[in-house]
Amino acid sequence: QVQLVESGGGLVQAGGSLRLSCAASGRTFSSYAMGWFRQVPGKEREFVAALDRSGITTYLDSVKGRFTISRDNAKNTVYLQMNSLKPDDTAVYYCAASAKYFALRIYDYDYWGQGTQVTVSS
C-alpha cells in the first residue's frame with residue numbers, strides 16, 4: 001500500500017513557476033513508476049508527465065520544455081517543476097504510482113494522491 005500526498009499548488013501569474021511535490025509512504029518507493037496527471041472540471045483526467053523506474057521521462061506535448069518530472073528516492077518524493085506557466089495549465093494536479101515499470105495510462109496506475117490546485121492567471 002502506498003499513500004501519496006501532493007503539495008505546492010497555488011495561484012501564479014502567467015509566465016511564472018511552481019514546483020509540485022508528492023510525498024509517498026512506504027519503503028518500496030523506488031520500485032514504482034511515477035506520474036503526474038491533471039484534471040479540469042467537466043473534462044477527463046489528462047496525462048502530464050511520467051518517470052519510469054530507470055529514470056526515463058515522458059511528457060504531454062504541450063508541456064515539453066516547460067515541465068520537468070524528477071524523483072528523490074531517498075526522500076520518497078516525486079516533483080513536477082512547472083515553468084512558463086500558461087492559463088491553460090490551470091487544473092487540479094494529481095500524482096500517481098504504478099507497480100509497472102513504465103506507465104502512461106490512467107488505468108496503469110495503482111495509487112493516487114488527493115490532488116493540488118494550480119491556478120494560472122492571465
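The rules behind the values
- Residues numbered from 1 in each chain as written.
- Predicted model: local features only at pLDDT ≥ 70, side-chain atom pairs only at ≥ 80, totals over all residues.
- Heavy atoms only, no water.
- Helix = DSSP H or I, 4+ residues; strand = E, 2+ residues; numbered from the N terminus.
- Buried < 20%, exposed > 50% of the residue type's maximum accessible area, 1.4 Å probe, protein only.
- Pairing = 2+ DSSP bridges.
- Axes fitted to C-alpha atoms, helices over the stretch in contact; angles between N-to-C directions.
- Salt bridge = Lys/Arg side-chain N within 4 Å of Asp/Glu carboxyl O.
- Core = buried A, V, L, I, M, F, W, Y, C linked by side-chain atoms within 4.5 Å.
- Contact = heavy atoms within 4.5 Å.
- Disulfide = S-S within 2.5 Å.

Colleague: Describe the overall build of the chain, with residues and values.
Modeller: Of the regular secondary structure elements, the chain holds zero helices and 11 strands. Listed by position from the N terminus, the elements making up the chain come as β-β-β-β-β-β-β-β-β-β-β. Overall size of the chain, expressed as C-alpha extent along the three principal axes, is 40 × 25 × 25 Å. Here the chain holds 122 residues, and the buried ones make up 45% of them.

Colleague: I'd like to hear about the sheet that holds strand β8 (residues 77-82), residue by residue, with values.
Modeller: In spatial order, the strands read β1-β3-β8-β7; together these four strands make up an open sheet with antiparallel pairing. Edge positions in the sheet fall to β1 (4-7) and β7 (67-72), since each has one partner strand and no second. Put simply, the sheet's adjacent strands are angled 15° from each other on average, direction ignored. As defined by bridge partners, strand β3 (residues 18-24) adjoins β8 across six bridges and the pair is classed as antiparallel. What sits directly across from A23, in β8, is T77.

Colleague: Just give me the short version of the pattern of salt bridges, but keep the residues and values in it.
Modeller: A complete count under the given rule lists five salt bridges for this structure. One salt bridge connects D89 with R38, and the closest N-O pair in it is separated by 3.0 Å. Residue D89 is located in the loop between β8 and β9 (91-98), and its partner R38 is located in strand β4 (residues 33-39); the two are separated by 51 residues in the primary sequence. Given the relative accessible area of 2%, D89 is considered buried.

Colleague: Would you mind going over unusual backbone geometry in detail, with residue names and values included?
Modeller: A positive phi is found at N76, a non-glycine position, where the angle reads about 50°. Considering the arrangement of structural elements, one finds N76 in the loop between β7 and β8. Phi is positive for S84, which is not a glycine, with a value near 50°. Its location among the elements puts S84 in the loop between β8 and β9. Residue S84 is classed as partly exposed on the basis of its relative accessible area, which comes to 40%.

Colleague: Kindly report on the nonpolar core, identifying the contributing residues and their values.
Modeller: Membership of the largest hydrophobic core comes to 30 residues, with the highest contact counts inside it found for L4, W36, L80, M82 and Y93. Mapped by element, the contributors of at least two residues to this core are β3, β4, β5 (46-51), β7, β8, β9 and β11 (116-121). The residues contacting L4, other than those within four sequence positions of it, are C22, A23, A24, M34, C95, A96, A97, Y111, W112, G113 and Q114. Membership of the second largest hydrophobic core comes to six residues, among which are F37, A50, A96 and A103.

Colleague: Summarise the environment of N76; cite the residues concerned and give the values.
Modeller: Residue classification places N76 among the buried residues on the basis of a relative accessible area of 17%. Considering only alpha carbons, one finds N76 and S25, 51 residues apart in sequence, at a separation of 7.1 Å. Aside from chain neighbours lying at most four places away, what touches N76 is C22, A23, A24, S25, G26 and F29.

Colleague: With reference to specific residues and values, describe the state of the cysteines.
Modeller: Within this structure, the stated rule accounts for one disulfide. For C22, the disulfide goes to C95, at an S-S distance of 1.9 Å. With C22 in strand β3 and C95 in strand β9, this residue pair connects regions lying 73 residues apart in the sequence.

Geometric values such as these leave the question of function open.
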